Each structure stands twice: as C-alpha cells, then as structure tokens.
Amino acid sequence: MSNGNAFVIGATGQIGRAAVRALAADGWQVRAASRHGARDERWPEDVRTVTVDREDDAALAAALGDGCDVLLDCVAYGARHAGQLLGLADRIGSAVVISSCSVYRDEQDRSFDTQDEPDGFPEFPVPIPESQPTVPPSEDTYSTAKVALEQELLGAGDRLPTTLLRAGAIHGPYSPLPREAYFIKRVLDGRPVRILAHGGASRFHPVHVDNLAELIRLAARRPGSRALDAGDPQAPTVAEIAAAVDSAMGATSELITIDGEPPRPGLGQTPWSTPRPVVLDMSAAERELGYRAATGYVESLPETVEWTARQLADGRDWTLAFPLMAKAYAPPRDLFDYATEDAWLAESGRGGLGGLGGR
C-alpha cells in the first residue's frame with residue numbers, strides 16, 4: 001500500500017541514494033530529482049528520475065508539477081532555498097530537510113566557525129540537545145547559512161511542516177568527503193603508525209547514511225515542525241575508528257597518541273579530531289519519531305571501506321578522487337603529510353612498527 005508520493009531533491013548524492021531506497025521500500029511513490037537525472041542501480045524500477053537544477057526556480061516548480069505528499073531536500077542551504085521551498089508550500093504536504101550539527105554554539109559563543117582560533121573550539125554538553133543555542137543566521141558561513149535555512153522553515157511551520165535533521169559526521173558509500181579515507185589511505189600506503197592528537201580520545205558523532213535514511217522515512221510518516229539531531233547509536237573515539245578501519249582491512253598498525261594539540265600543524269589531526277567531544281542527543285528522535293538505528297558504526301564500516309578504497313585504487317591521487325575533501329583539508333591541514341609525520345617520529349624516537357614506510 002502506498003504512503004503517497006515523495007519528491008527528493010539531490011537524489012543521487014550520498015544521502016539521497018539511501019533515502020530514495022528507504023522511502024521506496026516503505027511504500028512511497030518516489031520521484032528522484034537531480035541535475036543529471038541519473039538513477040542508482042539499487043533503486044526499484046518504479047522510482048522515477050527527474051532532471052532538474054534546483055537553482056532554477058521555474059524548473060524546480062515545473063518538475064514538482066501538481067506537488068507531493070512529502071518533499072526531501074538533501075542539498076538545501078541558506079535563506080534562498082528556504083524561500084524557494086516556501087514558495088511551493090501549497091503543493092507540498094510536508095518536508096524533510098538536511099541540516100547540520102555545525103549550527104550549534106556554546107555558552108561562550110564558540111562554534112565550529114571559531115574552532116581555529118586560540119581556545120576557539122566549543123565546549124558542548126554531552127550529549128548536545130536540540131535546545132542548545134545556535135549561531136546567528138546569515139549567509140557568511142556554512143553553519144550560519146544552515147541556521148538561516150532552519151529559521152525560515154521553522155517560522156513557517158503552519159504553511160509547510162518541516163523536519164530538519166541536524167546531521168553529525170556523515171559516513172557511508174558515495175561520500176564526497178569520506179573521513180574514513182584518512183585511515184584507509186594509510187593502510188593502502190603501508191603506513192605502520194597512526195598518530196593521533198588529543199590522546200586519540202576525540203569524539204565527533206558520526207551518522208551513517210542508512211540511519212539518516214531511517215530518520216527521513218520516519219519523519220515522512222510523522223510530519224511536524226521541528227529540528228532533530230541525527231547520529232549513530234555510538235559515538236566512537238578517533239582511536240576506536242582507526243582500529244575499526246584497520247580491522248576491516250585486515251591491517252595492523254601502532255597507535256601513537258599526543259596529549260593535547262598537535263605539536264606541528266596538522267600532525268595527528270584527523271577529520272574527527274577535536275579537543276572537546278561533539279556527541280548528539282538522540283532521545284528526541286527516539287521519542288518523537290520512534291527512531292531506532294538501522295546500523296552502527298562498526299557494522300557499517302566494511303561497505304564504506306570497500307567503496308572508498310575502490311576510489312583510491314591503483315594509486316589514484318586522493319585530491320582527484322575527492323576534490324571536496326582536498327579543499328576542506330588544504331594545507332596547513334594536509335591529511336597525508338607523511339614527511340612531517342616521519343620527521344616527528346624520528347626526532348621523538350617513536351619509529352613505529354617495522355620502521356617507516358609508505359608512499
């Protein structure tokens with residue numbers, strides 16, 4: 001029995017692929033919209049693909065046609081996109097929109113936007129509830145634009161009930177920014193050590209795309225105007241993530257931890273490395289949606305590792321494989337600065353297993 005029809009913007013991205021699959025399996029008639037009108041091989045045949053550039057207001061309105069019972073927007077950003085959706089509100093039953101946990105700030109107004117300043121990393125409660133203050137809305141940064149998006153949509157809940165999902169560190173196949181590549185490439189390159197700042201104890205709450213898809217599925221069934229955290233059932237430490245990737249790839253490495261901040265720029269600084277924990281509170285999603293995770297970090301890792309390693313096969317340049325990741329972690333935060341690692345290891349007399357190596 002059909003739940004109605006769903007329209008997905010950004011359907012061929014990392015989140016969209018999994019969400020279309022979940023919605024279709026739950027009985028929705030899905031139209032999967034993307035710039036190239038492509039389809040995922042794992043989608044059912046009755047999923048209809050739509051070619052549309054969401055930046056073209058007229059084209060999006062035409063693609064939406066008579067409307068939908070639920071609209072999922074995987075790529076909304078800023079007040080303009082909020083206005084675009086609200087302009088179509090009379091044709092949309094309810095919406096689910098992807099936001100980010102980067103919207104939060106602490107009581108000293110520290111946020112992800114201030115993290116590179118001295119003592120600028122926020123000190124959040126553990127776990128972070130949705131009632132935690134957010135940064136001011138603006139178009140200045142990714143985080144502030146997400147808040148602008150949120151506030152516009154939540155303020156118009158009577159016109160368009162919208163569930164905003166504040167995602168943690170998204171992981172899974174098809175990622176444009178696969179954090180796991182930090183350890184996967186080290187295995188492929190034969191690096192014998194894993195150097196981790198902050199004692200290897202950093203926690204940045206991950207969320208697998210299948211768990212996001214489950215939250216989307218549940219929110220589609222239970223429309224409302226709300227913001228909810230989106231995370232996995234566990235928030236592993238970066239040392240646990242390193243060990244899990246090694247295990248998934250049948251590798252062995254030596255863990256070397258550094259207390260506190262990196263002694264040199266970027267040394268031991270992974271995509272999860274934070275001086276203070278970022279852990280999301282999933283109790284509201286459990287209470288309001290009946291959410292139960294579809295998978296956990298370790299259980300989901302083999303598929304992520306296999307897909308990511310395939311993109312790096314035959315020594316492919318990682319900056320070409322993942323240009324968005326290369327832009328996000330440009331020098332002095334080079335993710336694979338082996339020369340700096342080797343120099344520090346030699347000077348500190350901590351050479352690792354079997355000497356240094358890799359390419």
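Scroll up to find the structure this text is about.
The structure presented is a predicted model; accordingly, all values stated were derived computationally and were not measured.

On to helix H7 (residues 238-248). Those residues of H7 that fall on the buried side of the exposure criterion are Val238, Ala239, Ile241, Ala242, Ala244, Val245 and Asp246. Where the residues of H7 are buried, they touch helix H5 (181-188), strand S8 (193-196), strand S11 (254-257) and helix H9 (297-311).

Glancing now at the environment of Ser202. Checked against the element boundaries, Ser202 lands in the loop between S8 and strand S9 (206-208). A relative accessible area of 3% places Ser202 in the buried class. Taking the C-alpha atoms as reference points, Ser202 and Ala148, separated by 54 residues in sequence, lie 29 Å from one another. Apart from residues no more than four positions distant in its own chain, Ser202 is found in contact with Pro236, Thr237, Val238, Trp272, Ser273 and Thr274. Polar side-chain contacts of Ser202 include one of 2.7 Å to the backbone oxygen of Thr274.

With that settled, the discussion passes to the sheet that holds strand S3 (residues 48-51). What the 7 strands build is an open sheet, ordered S3-S2-S1-S4-S5-S6-S10; its pairing is parallel. Lying at the two open borders of the sheet, with one neighbouring strand each, are S3 and strand S10 (226-230). The mean angle between the axes of side-by-side strands here comes to 20°, regardless of whether they run parallel or antiparallel.

What follows concerns empty space enclosed by the protein. A full pass over the atoms with the stated rule returns 3 cavities of 30 Å³ or more. Approximately 80 Å³ is the volume attributed to the largest cavity. Surrounding the largest cavity, 13 residues form its lining, Gly266, Leu267, Asp334, Asp337 and Glu341 being those nearest its centre. A class-by-class count of the residues in the lining of the largest cavity yields 5 nonpolar, 4 polar and 4 charged.

With that settled, the discussion passes to helix H1 (residues 14-25). Taking 1.5 Å as the rise per residue, H1 with 12 residues should run 16 Å; its terminal C-alpha atoms sit 18 Å apart, in good agreement. For H1, the full list of buried residues reads Gln14, Ile15, Gly16, Arg17, Ala18, Ala19, Val20, Ala22, Leu23 and Ala24. Tucked inside the fold, the buried residues of H1 contact strand S1 (4-9), strand S2 (28-34), strand S4 (68-73), strand S5 (92-100), strand S7 (169-171) and helix H6 (209-221). Gly27 sits one or two positions beyond H1 and adopts a positive phi of about 100°.

By the alternation rule, side chains of S8 split into Val193 and Ile195 and Arg194 and Leu196, which are all buried. Alignment of S8 against S11, held across 4 bridges, turns out to be parallel. Bridge assignment links Ile195 to a residue of S11, and that residue is Ile256.

Phe183, Trp272 and Met325 are the most contacted members of the largest nonpolar core, which totals 41 residues. At the level of elements, H5, H7, H9, helix H10 (318-321) and helix H11 (323-328) are the ones that each hand at least two residues to this core. Broken down by element, this core gets its largest block of residues, 6 residues, from H7. One finds Trp28, Cys74, Ile170 and Leu215 within the second-largest nonpolar core, a separate group that totals 39 residues.

Once that is clear, we can look at the pairing of S4. The buried count for S4 comes to 5 of 6 residues, which makes it a mostly enclosed element. Of the pairings in the sheet, the one linking S1 to S4 comprises 4 bridges and is parallel in character. Among the inter-strand pairings, Phe7 is bridged to a residue of S4, identified as Leu71. Pairing analysis gives 5 bridges linking S4 to S5, with the strands arranged parallel. Opposite Leu72, over in S5, you have Val96 as the bridge partner.

We now examine the pattern of salt bridges. Taken as a whole and judged by the stated rule, the model has 25 salt bridges. One salt bridge in this structure joins Glu150 and Arg166, with 2.6 Å as the shortest N-O distance. Highlighted residues: Glu150 in helix H4 (residues 142-154) and Arg166 in strand S6 (residues 162-167), separated in sequence by 16 residues. With a closest N to O distance of 3.2 Å, Arg194 and Asp246 form a salt bridge. Of this pair, Arg194 sits in strand S8 while Asp246 sits in helix H7, and the two are 52 residues apart along the sequence. Because the salt bridges share partners, they merge into one network encompassing Asp106, Arg110, Asp119, Glu123 and Arg276.

Reading guide: rules and limits
Residues numbered from 1 in each chain as written. Predicted model: local features only at pLDDT ≥ 70, side-chain atom pairs only at ≥ 80, totals over all residues. Heavy atoms only, no water. Buried < 20%, exposed > 50% of the residue type's maximum accessible area, 1.4 Å probe, protein only. Helix = DSSP H or I, 4+ residues; strand = E, 2+ residues; numbered from the N terminus. Contact = heavy atoms within 4.5 Å. Polar contact = N/O pair within 3.5 Å; in protein donor to acceptor, adjacent residues only side chain to side chain. Pairing = 2+ DSSP bridges. Axes fitted to C-alpha atoms, helices over the stretch in contact; angles between N-to-C directions. 1 Å grid on protein atoms, 1.4 Å probe; cavity = no way out; pocket = protein on both sides within 12 Å on 5 of 7 lines; lining within 4 Å. Points joined across faces, edges and corners; volume = space filled by probe spheres on them. Nonpolar A, V, L, I, M, F, W, Y, C, P; charged D, E, K, R; others polar. Expected span 1.5 Å × (residues − 1). Core = buried A, V, L, I, M, F, W, Y, C linked by side-chain atoms within 4.5 Å. Salt bridge = Lys/Arg side-chain N within 4 Å of Asp/Glu carboxyl O.

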